[in-house]
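Structure at a glance
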Amino acid sequence: MLDGGSAVYGSDALGGVLNFMTRKTYDGIKIDARVGIGDDYTSYDTGFIAGKKWDGGGLYVAYNFSKHDAIFGSDRKWVKRIDWNTGVPVGRNCANPTVSVGSNTYLVSGNSLVAGGPNTCDPSDDTAIYPAAELHSAMARFTQDLGSSLSVDITALYANRQTRGNGGALGTLGNTTGTVTISPSNPNYISTGGADAGKTQTVRFNYASVDGDRSQTQKTDLETWSISPSLTYDMGSGWQSRALFSYGNSRVSYRNNLIDPVAQAAALANGTLNPYDLAATDPAVLSNILDGYEQGYGRNELFNYRFIVDGPLFKLPGGDLRAALGAEYMRDIFQRQTTDASLRWLPRDDYTQTVKSLFGELQAPIVTGGGAGLTELILSTSARYDKYNDFGDTFNPKFALTYKPIDWISIRANWGKSFTAPSPVDQLGPQSATATLIPGQYLAPPPGYSFATGETGVYLGNGSVTGLTPQKAKSWSIGATIEPPVVDGLTLSASYYVINLNGTIGRPVTNGAHRLLQQFPEPVDLQAHGPAVGPDPRRPCQSEQHRVHAAQSDIDGSGSG
């Protein structure tokens, strides 16, 4: 389904829908296993399904386990971070430190410094370009008829995934690296001699010599489960009603080993960290520095209640006019907490989003089994109304037809509206913001404004504007399927679709921060002493990330297949 489906499915069915249908019953036992082997890589995949059917019902359980190794940059010769003109690696925070004073560089030789360098290293060698992962997943389904007109169906799902990445040696990359400034007053200071003697130095290094080449571990864990019982009642005369409930719970957490910036700065200031020779640093001091963790978690609870009735209304020339009507209520409870740049826990964020929905669909077979030129003509229409507690309501209709001039050619077309609601994560935005000062002479000013000498722009990044509304789309498509009788089993299909997206939620796309003012002037707040690039600086958690939404960014897309 290439077009939007919000008229049936609600939010997120914006530009295509995939439906996965699990088997209703299974009888027997089946076991699968697979091993994959590559260069410095092995993967494992095994699972089973076991079930039993009986008159009026059945039960089955399925389980799958998969695991694969990490692939590091050094495992693939085509993975490099180098200057491709010279072949020199781009890394400067290496196991052997480099000391610089201005543009002059020095290397450590015993207890002295000698002119030379800089030391270089390829940080991709010990970075996991494909992290290791382990996944356990399970599913169970139970079905049972409770008499001639009532049946029950219960489905349960569970998944646990552990992902293990690696950023290489601590101090090589990241927000805090092994880059420190040493003044002559530091007890570990080593003079360069000559013209740079007694000057402040910059020392660049990593902690591989005391903590290993792959010490920057990255752990992400996901656990999710859900249970979905439903009841189906045969009302007679071709009508049935279905009551469905679903509860889901998921939690994702991450824990990435980093340098503790506060501990490193403190050890440098009091002279207990010797960046020229890490082996000379007290192990307790190193442990304090290297025991920093960037971490956080997110938790979702989802409650969903749905009731649907469907059946025939009356007969048309091509068959029964069928209708379906339904109501739905959803409650999404979201919670998250992360650490800040100093690796301290920030306050927890909580957000609850509720949706009340009404929807319906009509299918009208105008002609079926007709003659040449009009073998079949089926019209259908659907619509859905959703009311959210945070941004308001939305209404999305859809119209479609299927026409068969002859029984082996089918032509289809449809038009509809669809939407994506801002999620709790969108509404909250990131928990922290960044501020960057950009001199005015490097910025293209917004229309009607010019920079005075010395004015500076403040670019606020990472955040979310308040009052987000859905991103919406209008779409239409046309296609045909041909099954020529002269070639048994041959099916030819072609589709053309157009999706016009309005009010996108996301970061603005520019050709550089210096052009942001011209291309997105709406977020700019002009102060008496100069402009602020991006959102109002009086709201530091707001930024360009979703501000483009207020300007109603439009995207047109089309395709064929």
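Here is what the cut-offs are and how they apply
- Residues numbered from 1 in each chain as written.
- Predicted model: local features only at pLDDT ≥ 70, side-chain atom pairs only at ≥ 80, totals over all residues.
- Heavy atoms only, no water.
- Pairing = 2+ DSSP bridges.
- Helix = DSSP H or I, 4+ residues; strand = E, 2+ residues; numbered from the N terminus.
- Axes fitted to C-alpha atoms, helices over the stretch in contact; angles between N-to-C directions.
- Contact = heavy atoms within 4.5 Å.
- Phe/Tyr/Trp six-rings, centres within 6.5 Å; stacked < 30°, edge-to-face > 60°.
- Buried < 20%, exposed > 50% of the residue type's maximum accessible area, 1.4 Å probe, protein only.
- Arc of directions from axis to C-beta.
- Polar contact = N/O pair within 3.5 Å; in protein donor to acceptor, adjacent residues only side chain to side chain.
- Disulfide = S-S within 2.5 Å.
- Core = buried A, V, L, I, M, F, W, Y, C linked by side-chain atoms within 4.5 Å.
- pLDDT = per-residue confidence, 0-100.
- Patch = residues over 30% accessible without salt bridge, like charges linked within 9 Å, V, L, I, M, F, W, Y side chains within 5 Å.
- Areas by Shrake-Rupley, 256 points an atom, 1.4 Å probe, with all protein chains shown as cover.
- Salt bridge = Lys/Arg side-chain N within 4 Å of Asp/Glu carboxyl O.

Structural notes on the sheet that holds strand 7 (residues 98-101)
Sheet strands pair via backbone hydrogen bonds, and the direction of the pair is either parallel or antiparallel. Pairing in this open sheet of 5 strands is antiparallel, and the strands run 9-8-7-14-13 from one edge to the other. Strands with a single pairing partner mark the edges of an open sheet, and in this sheet they are strand 9 (112-115) and strand 13 (178-182). Strand-to-strand twist of the sheet, defined as the mean angle between neighbouring strand axes without regard to direction, takes the value 30 degrees. Relative to strand 14 (residues 201-205), strand 13 is paired through 5 bridges, and the arrangement is antiparallel. Bridge pairing in strand 14 links Val-180 to Val-203. Sheet strands in contact with helix 3 (residues 261-269) are strand 13 and strand 14, and its direction is about 30 degrees off that of strand 13.

So, the packing of aromatic side chains
This structure, assessed with the given rule, holds 12 aromatic pairs. Ring geometry for Phe-48 and Tyr-63: centres 6.1 Å apart, planes at 40 degrees, overall tilted. Of the two residues, Phe-48 is situated in strand 2 (residues 41-54) and Tyr-63 in strand 3 (residues 57-68); the sequence distance between them amounts to 15 residues. Residue classification places Tyr-63 among the partly exposed residues on the basis of a relative accessible area of 30%. When the centroid spacing of 6.4 Å and the interplanar angle of 45 degrees are considered together, the rings of Trp-54 and Phe-142 count as tilted. Here Phe-142 lies in strand 11 (residues 132-145) and Trp-54 lies in strand 2, a separation of 88 residues in the sequence. On the basis of relative accessibility, which here comes to 28%, the residue Phe-142 falls in the partly exposed class.

Some thoughts on helix 3
Among all positions of helix 3, only Ala-263, Gln-264, Ala-267 and Leu-268 are buried. Buried residues of helix 3, viewed axially, fall in a sector of 130 degrees; they line one side. Of the exposed residues in helix 3, those oriented more than 90 degrees away from the buried face are Val-262 and Ala-269. Where the residues of helix 3 are buried, they touch strand 13, strand 14 and helix 4 (283-290). Between the side-chain oxygen of the N-cap and the backbone nitrogen of Val-262 there are 3.0 Å, and the N-cap of helix 3 in question is Asp-260.

What to know about the state of the cysteines
Here, the word disulfide means a covalent bond between the sulfur atoms of two cysteines. For the coordinates displayed, the defined rule picks out 1 disulfide. Each disulfide pairs two cysteine sulfurs, and for Cys-94 the partner residue is Cys-121, the sulfurs being separated by 2.2 Å. Taking the sign of the S-S torsion, -95 degrees for the link of Cys-94 and Cys-121, the bridge is left-handed. Placement of the pair is Cys-94 in the loop between strand 6 (88-89) and strand 7 and Cys-121 in the loop between strand 9 and strand 10 (128-130), with a sequence separation of 27 residues.

Let's talk about unusual backbone geometry
At the junction of Gly-117 and Pro-118, the peptide bond is cis and its omega measures out at 10 degrees in the coordinates. Locating Pro-118 in the fold gives a position in the loop between strand 9 and strand 10. Of note in this structure, Asp-40 is not a glycine but carries a positive phi near 55 degrees. Here Asp-40 is to be found in the loop between strand 1 (28-38) and strand 2. By relative accessible area, which is 54% here, Asp-40 ends up exposed. Here the phi dihedral of Leu-343 falls at roughly 65 degrees; this positive angle occurs in a residue that is not glycine. Relative to the elements of secondary structure, Leu-343 occurs in the loop between strand 18 (319-338) and strand 19 (349-368).

Quick look at the environment of Ser-418
Inspection of the secondary structure assignment puts Ser-418 in strand 22 (residues 409-420). Given a relative accessible area of 1%, Ser-418 falls into the buried group. Counting along the chain gives 22 residues from Ser-418 to Asn-396, while the straight-line C-alpha distance between them is 5.8 Å.

Brief notes about the nonpolar core
Among the nonpolar cores identified, the biggest contains 23 residues, and Ile-182, Val-203, Tyr-207, Leu-273, Tyr-276 and Ile-289 are the most heavily contacted of them. Of all the elements in the fold, those that place two or more residues in this core are strand 7, strand 13, strand 14, helix 3 and helix 4. No other element matches the 4 residues that helix 4 contributes to this core. What Val-203 contacts, discounting residues up to four positions off in sequence, is Pro-97, Thr-98, Val-99, Gly-178, Thr-179, Val-180, Ile-182, Pro-275 and Tyr-276.

Observations concerning the confidence of the model for the protein chain
Taken as a whole, the protein chain shows an average pLDDT of 86; of its residues, 82% reach a score of 70 or greater. This stretch, residues 528-558, has a pLDDT under 50; its non-local contacts, to residues over four places away or in other chains, come to 113 contacts.

Quick word on a nonpolar patch on the surface
On the surface, Phe-399, Ile-411, Trp-415, Trp-476, Ile-478 and Tyr-496 cluster together into a nonpolar patch covering about 540 Å² of accessible area. At the level of secondary structure, the elements contributing two or more residues to the nonpolar patch comprise strand 22 and strand 25 (471-482). In this fold, Ile-478 is placed in strand 25.

As for the environment of Pro-422
Mapped onto the fold, Pro-422 is located in the loop between strand 22 and helix 5 (424-428). Accessibility expressed as a relative area gives 0% for Pro-422, which makes it buried. Distance in space between the C-alpha atoms of Pro-422 and Gly-467 is 9.7 Å, their sequence separation being 45 residues. Residue contacts for Pro-422: discarding those within four places in its chain leaves Gln-353, Phe-391, Gln-427, Leu-468, Thr-469, Pro-470 and Ile-505.

Some words on helix 4
Within the sequence span of helix 4, burial applies to Val-285, Leu-286, Ile-289 and Leu-290. Looking straight down helix 4, one finds that the buried residues subtend no more than 125 degrees of arc, so they occupy a single side. Of the residues in helix 4, the exposed ones pointing more than 90 degrees away from the buried face are Pro-283 and Ala-284. Contact partners of the buried residues in helix 4: helix 2 (208-211), strand 16 (239-258), helix 3 and strand 17 (292-316). Regarding helix 4, its N-cap is Asp-282, as a side-chain oxygen of that residue lies 2.8 Å from the backbone nitrogen of Ala-284 further along.

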